[in-house]
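Letter by letter, the chains look like this.
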Amino acid sequence: MRFHAPRRLGIVGAGVAGALMSRAVLRSNRFVLTGLADPDPDVRNRVSAEWGCPAFIDATELVTSGTVDVVYVAAPTAHHLGAVSAAAAAGVHIICEKPLATTAADAREAVDCARRAGVSLLVGPTVSYDPRYRVLRQIVTDRRLGDLLSVQATSFTDWHRRRTRTAHDLDAAVGNGLLLRQGAHQIDIVRLICGGDVRAVSGALHGGAGGAEQGFSTQLSFANGVQANAYYDGSGAVPEADELFATFTGGGVRVHPGGLHLYSDGQLTDLPVDPATSVWDQALVEMDQTLDGRIPIHDGEWGLGTLATCLAIYEAAATHSIVFTHQSLYQEKS
Ligand SMILES: NC(=O)c1ccc[n+]([C@@H]2O[C@H](COP(=O)([O-])OP(=O)(O)OC[C@H]3O[C@@H](n4cnc5c(N)ncnc54)[C@H](O)[C@@H]3O)[C@@H](O)[C@H]2O)c1
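All figures in this text were calculated on a predicted structure; none of them were measured in a lab.

Calculation rules
- Residues numbered from 1 in each chain as written.
- Predicted model: local features only at pLDDT ≥ 70, side-chain atom pairs only at ≥ 80, totals over all residues.
- Heavy atoms only, no water.
- Core = buried A, V, L, I, M, F, W, Y, C linked by side-chain atoms within 4.5 Å.
- Buried < 20%, exposed > 50% of the residue type's maximum accessible area, 1.4 Å probe, protein only.
- Helix = DSSP H or I, 4+ residues; strand = E, 2+ residues; numbered from the N terminus.
- Contact = heavy atoms within 4.5 Å.
- Salt bridge = Lys/Arg side-chain N within 4 Å of Asp/Glu carboxyl O.
- Axes fitted to C-alpha atoms, helices over the stretch in contact; angles between N-to-C directions.
- Left-handed = near helix turned anticlockwise from the far one by under 90°.
- Nonpolar A, V, L, I, M, F, W, Y, C, P; charged D, E, K, R; others polar.
- Pairing = 2+ DSSP bridges.
- Near = heavy atom within 4 Å.
- Polar contact = N/O pair within 3.5 Å; in protein donor to acceptor, adjacent residues only side chain to side chain.
- Phe/Tyr/Trp six-rings, centres within 6.5 Å; stacked < 30°, edge-to-face > 60°.
- Lys NZ or Arg CZ within 6 Å of the ring centre and 35° of its normal.

On to the nonpolar core. Core analysis: the largest hydrophobic core is formed by 75 residues, its most contacted members being Val-71, Ile-94 and Val-253. Top element by residues in this core is helix α8 (residues 178–194). It accounts for 10 residues. If we ignore the near neighbours within four places in the chain, the residues touching Val-253 are Leu-136, Ile-139, Leu-145, Leu-244, Phe-245, Ala-246, Phe-248, Leu-260, His-261 and Leu-262. Formed by 26 residues, the second largest nonpolar core is a distinct cluster that contains Met-21, Tyr-72, Leu-122 and Met-287.

Laid out in structure tokens, this is it:
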């Protein structure tokens, strides 16, 4: 049994994602919240009182204060690289929100500076932390139904209606837009199931008034030959629904809200999966295990691969062509 003291965690960016992580930290017995950084003085004062921890003006002040072992970076995406490099320079481990950065070059720099500093960098938390997808991944790696052939993932959400989306909210150049903000979850799931190494990408953005990204569709070809289609609609035009089907040489799987349906030899087996704790809780578990020596799934290379895939979808959509990504980024992990 492990008895080491809870790990001290600081939050960079006390907005929507930061608040969700603060609640996960309160629920955790492995982490304790010891600081936050936010440049907005109103946010700093209010949230510091609410969360009961000291507030700093920026990530550098927080990570050099000697009060944190891990930071969760939930600043706007354009500021991720600055916070990650400050934390790495201070020897502080990092959970960075997705997407890791706004460009593949910045994401590569973030990964490299964490590696050079010898600190752990996780990129998440995405919906791929959902235990149903871990179970499906296990079915793939165990070859319980033979070889995985294809995956079809469909998501309908009301992302565009949750609040008024400004031009800034929809600007992919600063890491926003539906594909980078929401599609990254779905691409992460598909990569987790299919093996991670995307080689060819085609895709289209679904237009809508003013050209805002209402959704996207993409076909991804993986290095191992698996083919995936992902369709995402964030217009809220139809009720929210998430589905994923996987076909194998010896059967198929449907992921549904309560678990998985496994089809083999004409038989249906129901595999219930316990309701997930939030992805923020699970990101903390993954960091805790990583610091205990386990190889993580959602490491920096992984986050870079998901970002590169999303950016390839933009490029494929803009050029009406197939984009060859040749990601030698991903190392298959057992
Ligand atoms: N995993 C998820 O499901 C999920 C959900 C929401 C947001 N996110 C991600 O979290 C990040 C933040 O999104 P949000 O919706 O919480 O944004 P937000 O606008 O609600 O909050 C961002 C906060 O960061 C602060 N900030 C701005 N610049 C900063 C800097 N340089 N250093 C520190 N803090 C800074 C702002 O003052 C604000 O308080 C984005 O990368 C987004 O993609 C992920």
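With that settled, consider the pattern of salt bridges. For the coordinates displayed, the defined rule picks out 16 salt bridges. Ionic pairing is found between Arg-46 and Glu-50, a salt bridge with its closest N-O pair at 3.4 Å. Placement of both Arg-46 and Glu-50 in helix α2 (residues 41–51) is noted, with a separation of 4 residues, approximately one turn of the helix.

Now for the packing of α8 against helix α10 (residues 300–319). At a minimum axis distance of 9 Å, the contact between α8 and α10 shows a crossing angle of 115°. Crossing geometry of α8 relative to α10 is assigned as right-handed. For the pair α8 and α10, contact is made by Leu-179, Leu-180, Ala-184, Ile-187, Asp-188, Arg-191 and Leu-192 and by Trp-302, Gly-305, Thr-306, Leu-307, Thr-309, Cys-310, Leu-311, Ile-313 and Tyr-314, respectively. Here the contact of α8 with α10 is built from residues that sort into 11 nonpolar, 3 polar and 2 charged.

A sheet is described by the order of its strands in space; here 9 strands give the open sequence β14-β13-β12-β11-β7-β10-β9-β8-β15, paired in mixed fashion. The open sheet has two free edges, formed respectively by β14 (267–272) and β15 (323–324), since each of these has just one partner strand. Here strand β11 (residues 241–248) pairs with strand β12 (residues 251–256) via 5 bridges, running antiparallel. The residue of β12 that forms the bridge with Ala-246 is Val-253. Contacting β7 (148–156), β8 (198–206), β9 (215–222), β10 (227–233) and β11, α8 runs over the sheet at an angle of about 30° to β9.

It is worth spelling out the sheet that holds strand β4 (residues 70–73) at this point. Here we have 6 strands laid out as an open sheet, ordered β3-β2-β1-β4-β5-β6, and parallel in their pairing. Where the open sheet ends on each side, the last strands, each with one partner, are β3 (55–56) and β6 (121–124). Note: strand β1 (residues 7–12) against strand β2 (residues 31–37), 6 bridges, orientation parallel. In the sheet register, Arg-7 faces β2, and the bridge partner there is Phe-31. The strands that α2 touches are β1, β2 and β3; relative to β2, the one it contacts most, it runs at about 165°.

Neighbouring residues of the ligand: 24 residues in total, closest Ala-17, Asp-38, Thr-77, Lys-98 and Pro-125. Taking Glu-97, its side chain carries an N or O atom lying 3.0 Å from a nitrogen atom of the ligand. One nitrogen or oxygen atom from the main chain of Pro-125 is found 2.8 Å from a nitrogen atom belonging to the ligand. Among the secondary structure elements, those contributing two or more residues to the shell around the ligand are α1 (16–27) and α8.

All right, on to the packing of aromatic side chains then. Under the definition given, this model contains 2 aromatic pairs. On the numbers, 5.6 Å between centres and 50° between planes, the contact of Phe-156 with Tyr-231 is tilted. Within this pair, whereas Phe-156 is found in strand β7, its partner Tyr-231 is found in strand β10, the two being separated by 75 residues in sequence. Take Phe-156: its relative accessible area is 24%, and that puts it in the partly exposed class. With a centroid separation of 5.8 Å and an interplanar angle of 10°, the aromatic rings of Phe-216 and Tyr-232 are classed as stacked. Taken together, the residues Phe-216 in strand β9 and Tyr-232 in strand β10 connect sequence positions 16 residues apart. Each of the two residues, Phe-216 as well as Tyr-232, counts as buried. Above the plane of the ring of Trp-159 lies Arg-165, whose end atom (NZ or CZ) is 3.8 Å from the centre. Above the face of the Trp-302 ring, Arg-191 is positioned so that its terminal group lies 3.9 Å from the ring centre.

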